[in-house]
Amino acid sequence: MTSLMKKLVLATAIVAAPFVTATSAAAEGEKYILVSHAPDSDSWWNTIKNGIALAGEQMDVEVEYRNPPTGDLADMARIIEQAAASQPNGIITTLADFDVLSGPIRNAVDQGINVIIMNSGTPEQVREVGALMFVGQPEYDAGLAAGLRAKGDGIGSFVCVNHVISNTVVGERCRGFADGLGVDLGDSMIDSGQDPSEIKNRVIAYLTANPETDAILTLGPTSADPTIAAVKEMGIAGDIYFGTFDLGTEIVNAIKEGIINWGIDQQPFLQAYLPVVVLTNYDRYGVLPGNNINSGPGFVTKDALGKVEEFAGQYR
C-alpha cells in the first residue's frame, strides 16, 4: 500500500480525451475497455480516466475509455456492443439504466467476456446480468446517510437538483435523502437538465416559489456548480443548508467558503482503478474478491479537506 500511494502521489494528472489508451502495448496482451454513460461535457469523469490510466500503467495492460458524447443511453448500449465485438479481456461499465443496458451487457458475458459493473447499478442487477462484481457507492444507502445527517442538523425539507434524470440509479440518492429526513420525496426533485444556465435558473425559480425550503441537495459538479452560482445570486450563500454528492474544484472551494456544508465522496478513482486491477489478476491468476467493493460514501467537510483539496478533479 505504501508503494502504491507513493506512485499515486507522484503520478501526473491525465486529463484524457473521450478515447484513452493508457499503454501502447501490454506485456501479456490484456486489454480492458471502460464504458461510461457520461457526456463529454461532464468533467467529473476525468478522475475515472485518470484511474484507469494509472491502473493500466501499473498493471502493464491496455485500457480504453469510451462514452456516448451526448450521454445518450441508446448510444451507450451500441458502444458496449462494439466493445464486446472487439473481444477484449474484460469490460468495465456503468449500469445507468437496466432496461437499456442489461441486454448488451448480458450478451458480452455470454461471449465469455468478464464484466465488472462500476459507479451505477446495484448488486442485484450485477447478478442478473452475470457480471463478476460491483465497484461503487450504494446510491440509496448514501442518500439515506446524507438525509440522516441533515435531519440531525435540523433539516426538514429540501430540493434535489437532478441533472441526470434518465439515470434511475442516481435518482436513488434523492429518495434515500428524503427517507433519511422522514419526508416524502414528492415534488422535491427537479429535472434540471445539464445546461449550466438552465440549472441556475431552475434552482432560482424553485427556491423563489418555495421559500420555506430548508436545504439543497445536488448530485455532482454538473448541478452543484450552477447551484453555487444561484445561491450567490440570490444572496443566500452560506445561509441555506447545502449538501452535494461528488467533488470537484468549485465544490471544494464552496466547502472552504462555508457555502456547501458537505460533499459525499464516492471515490471515483477507486471505481476505475480497482476493476482494472481485479480483472488483470483474475485473468492472470484466477483470483477474485468474494464481495462487491463499496467505494463510498464518505463525507468531506471544511475541517477535513486535506488531500481532497490537493487532488480534487484529478484523483478525488
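Residues numbered from 1 in each chain as written. Predicted model: local features only at pLDDT ≥ 70, side-chain atom pairs only at ≥ 80, totals over all residues. Heavy atoms only, no water.

For the protein chain, the name recorded in an unreviewed UniProt entry is Periplasmic binding protein domain-containing protein, with Roseobacter fucihabitans as its organism. Taken from UniProt, the Sequence similarities (unreviewed entry) comment for the protein chain reads in full: "Belongs to the bacterial solute-binding protein 2 family." In its Subcellular location (unreviewed entry) section, the UniProt record describing the protein chain reads: "Periplasm". (UniProt positions renumbered as here; feature names shortened; annotations may be inferred.)

**Some points on the UniProt feature "domain: Periplasmic binding protein" (unreviewed entry) in the protein chain**
Per the UniProt annotation, the sites labelled "domain: Periplasmic binding protein" (unreviewed entry) are residues 39-281. Taken end to end, residues 39-281 has its terminal C-alpha atoms 30 Å apart, with 52% of it in helix and 16% in strand. (Helix = DSSP H or I, 4+ residues; strand = E, 2+ residues; numbered from the N terminus.)

**Topic: the pattern of salt bridges**
As a working rule, side chains carrying opposite charge can pair if their charged atoms are close by. In total, this model carries 13 salt bridges according to the counting rule given. With a closest N to O distance of 2.7 Å, Arg-66 and Glu-64 form a salt bridge. Where Arg-173 meets Asp-246, a salt bridge forms, and the shortest distance between an N and an O atom there is 3.7 Å. With Arg-173 in helix H7 (residues 168-181) and Asp-246 in the loop between strand S9 (241-245) and helix H10 (249-257), this pair connects stretches of sequence that are 73 residues apart. Comparing Arg-173 with Asp-246, the two get one shared label, buried. Taken together, the shared-partner salt bridges connect Lys-31, Glu-64 and Arg-66 into one network. (Salt bridge = Lys/Arg side-chain N within 4 Å of Asp/Glu carboxyl O. Buried < 20%, exposed > 50% of the residue type's maximum accessible area, 1.4 Å probe, protein only.)

**Things to note about the side chain of Ser-295**
Examined against the element boundaries, Ser-295 turns out to sit in the loop between strand S11 (293-294) and strand S12 (298-300). Setting aside residues no more than four positions away along its own chain, Ser-295 makes contact with Gly-136, Gln-137, Asp-265, Gln-266, Gln-267, Leu-270 and Gln-271. (Contact = heavy atoms within 4.5 Å.)

**Looking at the packing of helix H2 (residues 46-59) against helix H11 (residues 268-285)**
One way to put it is that H2 packs onto H11 with a least axis distance of 7 Å and a crossing angle of 30°. Comparing the axis directions of H2 and H11 gives the class roughly parallel. The chirality of how H2 crosses H11 is right-handed. The segment H2 lies against H11, with Thr-47, Ile-48, Gly-51, Ile-52, Leu-54, Ala-55, Gly-56, Gln-58 and Met-59 engaging Pro-268, Phe-269, Gln-271, Ala-272, Tyr-273, Val-276, Val-277, Thr-280, Asn-281 and Arg-284. Grouping the amino acids of the contact of H2 with H11 by side-chain chemistry returns 11 nonpolar, 7 polar and 1 charged. (Axes fitted to C-alpha atoms, helices over the stretch in contact; angles between N-to-C directions. Parallel < 35°, antiparallel > 145°, perpendicular 65-115°, else oblique. Left-handed = near helix turned anticlockwise from the far one by under 90°. Nonpolar A, V, L, I, M, F, W, Y, C, P; charged D, E, K, R; others polar.)

**Looking at the nonpolar core**
Leu-34, Trp-45, Ile-48, Ile-52, Tyr-65 and Val-276 are the most contacted members of the largest nonpolar core, which has 27 residues in total. Where this core is concerned, the elements lending two or more residues are strand S1 (31-35), H2, strand S2 (62-66), strand S4 (114-118), strand S5 (133-136) and H11. Broken down by element, the residue count for this core peaks at 7 residues, all from H11. Setting aside residues up to four positions removed in sequence, Val-276 forms contacts with Ile-52, Ala-55, Gly-56, Val-61, Val-63 and Ile-92. Residues Val-161, Val-203, Ile-260 and Ala-312 belong to the second largest nonpolar core, which totals 26 residues. (Core = buried A, V, L, I, M, F, W, Y, C linked by side-chain atoms within 4.5 Å.)

**Side note on helix H8 (residues 196-209)**
Over its 14 residues, H8 extends 20 Å from the first C-alpha to the last, a length consistent with the 20 Å expected when each residue adds 1.5 Å. For H8, the set of buried residues is Ile-199, Val-203, Ile-204, Tyr-206 and Leu-207. An end-on view of H8 places all buried positions within 165° of arc, on one side of the element. Residues of H8 that are exposed and angled more than 90 degrees away from the buried face: Thr-208 and Ala-209. Looking at the packing, one finds that the buried side of H8 touches strand S6 (158-162), strand S7 (189-191), strand S8 (215-218) and helix H9 (221-234). Two or three places before Ser-197, at the start of H8, stands the capping residue Asp-195, its side-chain oxygen 3.2 Å from that residue's backbone nitrogen. (Expected span 1.5 Å × (residues − 1). Arc of directions from axis to C-beta. Polar contact = N/O pair within 3.5 Å; in protein donor to acceptor, adjacent residues only side chain to side chain.)

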